[in-house]
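Now for the letters of each chain:
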Amino acid sequence: MIHLCKFIAQDPSFTISVVNIDSLHDEFIKHWAALEDLRLHSIPFSWKVPRGVDAHVVRNLGEWFAAAARELPGGLEDLIRKLGEEGDPVSCIVSDYFCDWTQDVADVFGIPRVILWPGTAAWTSLEYHIPELLEKDHIFPSRGRASADEANSVIIDYVRGVKPLRLADVPTYLQGDEVWKEISIKRSFVVKRARWVLVNSFYDLEAPSFDFMASELGPRFIPAGPLFLLDDSRKNVVLRPENEDCLHWMDAQERGSVLYISFGSIAVLSVEQFEELAGALEASKKPFLWVIRPELVVGGHSNESYNGFCERTKNQGFIVSWAPQLRVLAHPSMGAFLTHCGWNSIQESISNGIPMLGWPYGGEQNTNCKFIVEDWKIGVRFSKTVVQGLIERGEIEAGIKKVMDSEEGKKMKERVENLKILARKAMDKENGKSFCGLQGWLEDLKAMKLDRK
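Residues numbered from 1 in each chain as written. Predicted model: local features only at pLDDT ≥ 70, side-chain atom pairs only at ≥ 80, totals over all residues. Heavy atoms only, no water.

Novice: I'd like a description of the overall build of the chain, backed by residues and values.
Specialist: A tally of regular secondary structure across the chain gives 19 helices and 14 strands. Against the globule reference of 22 Å for 453 residues, the chain gives a C-alpha radius of gyration of 22 Å, in line with a compact fold. Dimensions along the principal axes, computed over C-alpha positions, put the chain at roughly 65 × 50 × 45 Å. Here the chain holds 453 residues, and the buried ones make up 55% of them. When the accessible surface of the chain is summed, it comes to about 20,000 Å², and 50% of that surface belongs to carbon and sulfur atoms. Of note, the chain has its 53 positive side-chain charges centred 3 Å away from the centre of its 64 negative side-chain charges. (Helix = DSSP H or I, 4+ residues; strand = E, 2+ residues; numbered from the N terminus. Rg over C-alpha atoms; globule rule 2.2 N^0.38 Å. Buried < 20%, exposed > 50% of the residue type's maximum accessible area, 1.4 Å probe, protein only. Areas by Shrake-Rupley, 256 points an atom, 1.4 Å probe, with all protein chains shown as cover. Lys, Arg positive; Asp, Glu negative; His and termini not counted. Charge placed at Lys NZ, Arg CZ, Asp CG, Glu CD.)

Structural data, given as structure tokens:
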């Protein structure tokens, strides 16, 4: 969202106000000097997440979204009225797809809502097909959660624009209680009311999905990614301090040799899983850069075991609590990325030509992992997700070797290098499909603004 806002702000005819919940807003303003073109506003929310959505929220999605729909619309309406009274009327709302309540707020003021879709175009089609998935009892199943055997054997082949996938590859969040089910059903229809949908992906990566959704929604469904390629300033909001010393360590490593491990800002590991991963990294003998957030290990890791690992691998690896990921992935010594399969991480990896080991945690990450491995063939996955059970060190080490040392791994590298070219071509300022789509959208928005005046 920040990348998109900075892009819009380059046009002097727009004023950008970034609205966040109060706990995130309070953290943002500590890091805001670099983004003086954007204005910051907050609205109150009872849930406090100063570093963004966390594992607790992910485990309680129904309560989180119900609270958001109950508490946030009034705060946003009050803010819009206040801005109008101050002579700065709001002419458009750009909001994340999952903030579907903002459509009702936009309707109150008679202004357009623009959806920023933060993931793949294929994911939009899966959400669009929620009514059919429900009808066939493939999500929120009436008989309870499917067994592992059923999840791996049932094939879903009716989601248009998406290759057939196993029930196990349907986003994990499309399970849950009645509250979350009702929220999901309501959300899937709201997309049709938006004036535009900007998708943070690129056409050449998933043309069938873009084609299907455009056939349903028309030209307002726009490939707009990878959005991070719009911004080469290195100035951005970081809610965790980045350790740039790792870049100097990477300078001393051989080209294409480093395994980078990051589970993003939400995923957590058990102590046992943490130790199995540590054992695999040590046994692999690969140089590794590992992001270990303070809260990564549930209950904390064993100091004795961890200190021993650090001592034994002090000449092999580098550990940070947070890394400057875009610069890490662009570094010449990068070899492979062990990732939780969050979409930003995947798209950043693709755009830098880095193959992946997928180890999803929640949300739609299992679906993203399926695309990496089966559709695009630019990585491997393990036999279980983070939350499904223990992956032993032998399996992890075998995955590392497959991606970084095998002939199959070389082919993965070739494929992702080709996708890197296409990703960067999409944001080419002359003819890039995503860049030109964004420019066209801005011109349409400007014309609509003039018409309103």
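Novice: Which residues make up the sheet that holds strand E11 (residues 317–320), and what are the values?
Specialist: Strand pairs in the sheet, formed through backbone hydrogen bonds, run parallel or antiparallel to each other. Spatial ordering of the open sheet is given by E11-E10-E9-E12-E13-E14, a layout of six strands whose pairing is parallel. If you trace the sheet from one side to the other, it starts and ends with E11 and strand E14 (379–381), each paired once. Across the sheet, the mean angle from the axis of one strand to that of its neighbour is 15°, orientation sign disregarded. Of the strand pairs in this sheet, strand E9 (residues 258–262) and strand E10 (residues 288–291) are connected by three bridges, and their pairing is parallel. Bridged to Ile261 within E10 is Trp290. (Pairing = 2+ DSSP bridges. Axes fitted to C-alpha atoms, helices over the stretch in contact; angles between N-to-C directions.)

Novice: Explain the packing of helix H6 (residues 121–128) against helix H10 (residues 207–217) to me, and be specific about the residues and the numbers.
Specialist: Packing of H6 against H10 leaves a shortest axis separation of 8 Å and a crossing angle of 50°. As judged from the angle between their axes, H6 and H10 are oblique. Read as a crossing pair, H6 and H10 show a hand that is left-handed. Across from Ala121, Ala122, Thr124, Ser125 and Tyr128 in H6, the residues of H10 making contact are Ser209, Phe210, Phe212, Met213, Glu216 and Leu217. (Parallel < 35°, antiparallel > 145°, perpendicular 65-115°, else oblique. Left-handed = near helix turned anticlockwise from the far one by under 90°. Contact = heavy atoms within 4.5 Å.)

Novice: So what about the packing of aromatic side chains? Which residues, and what values?
Specialist: Counted under the stated rule, the structure contains 27 aromatic pairs. With centroids separated by 5.0 Å and ring planes inclined at 75°, the aromatic side chains of Trp117 and Trp123 adopt a geometry described as edge-to-face. In this structure Trp123 comes out as buried when scored by relative accessible area, which is 7%. The ring of Tyr203 carries the charged tip of Lys433 above its face, separated from the ring centre by 4.9 Å. (Phe/Tyr/Trp six-rings, centres within 6.5 Å; stacked < 30°, edge-to-face > 60°. Lys NZ or Arg CZ within 6 Å of the ring centre and 35° of its normal.)

Novice: Tell me about the domain arrangement of the chain, and please be specific about residues and values.
Specialist: For the chain, the assigned domains read domain 1 (1–233 + 428–447) and domain 2 (244–422). Inter-centroid distance (C-alpha atoms) of domain 1 to domain 2 is 27 Å. Roughly 2,200 Å² of surface becomes buried between domain 1 and domain 2 when both sides are summed, with 62% attributable to carbon and sulfur atoms. Viewed at the interface, domain 2 and domain 1 are joined by one salt bridge. Close ionic contact of Arg381 with Asp169 constitutes a salt bridge, the shortest N to O distance being 3.4 Å. Counting the contacts that link domain 1 with domain 2 gives ten residue pairs in polar contact (both at pLDDT 80 or more). Counting only elements with at least two residues in the side of domain 1 that touches domain 2, the list comes to helix H3 (55–59), H6 and strand E6 (165–166). (Domains from an automatic or database assignment. Buried area = accessible area lost by both parts, 1.4 Å probe. Salt bridge = Lys/Arg side-chain N within 4 Å of Asp/Glu carboxyl O. Polar contact = N/O pair within 3.5 Å; in protein donor to acceptor, adjacent residues only side chain to side chain.)

Novice: Please give an account of the sheet that holds strand E7 (residues 196–199) that cites residues and values.
Specialist: Here we have four strands laid out as an open sheet, ordered E3-E4-E7-E8, and parallel in their pairing. Of all the strands in the sheet, just strand E3 (93–96) and strand E8 (221–223) have a single pairing partner and so form its edges. For this sheet, the mean inter-axis angle between neighbouring strands, taken without regard to orientation, is 25°.

Novice: Can you explain the state of the cysteines? Please cite residues and give values.
Specialist: Tallying each qualifying case throughout the model produces zero disulfides. Residue Cys5 stays outside any disulfide, its sulfur separated by 11 Å from that of Cys92, the closest cysteine. Residue Cys5 is classed as buried on the basis of its relative accessible area of 10%. Considering cysteine sulfurs only, Cys5 is the nearest to Cys99, which forms no disulfide, with 13 Å between them. (Disulfide = S-S within 2.5 Å.)

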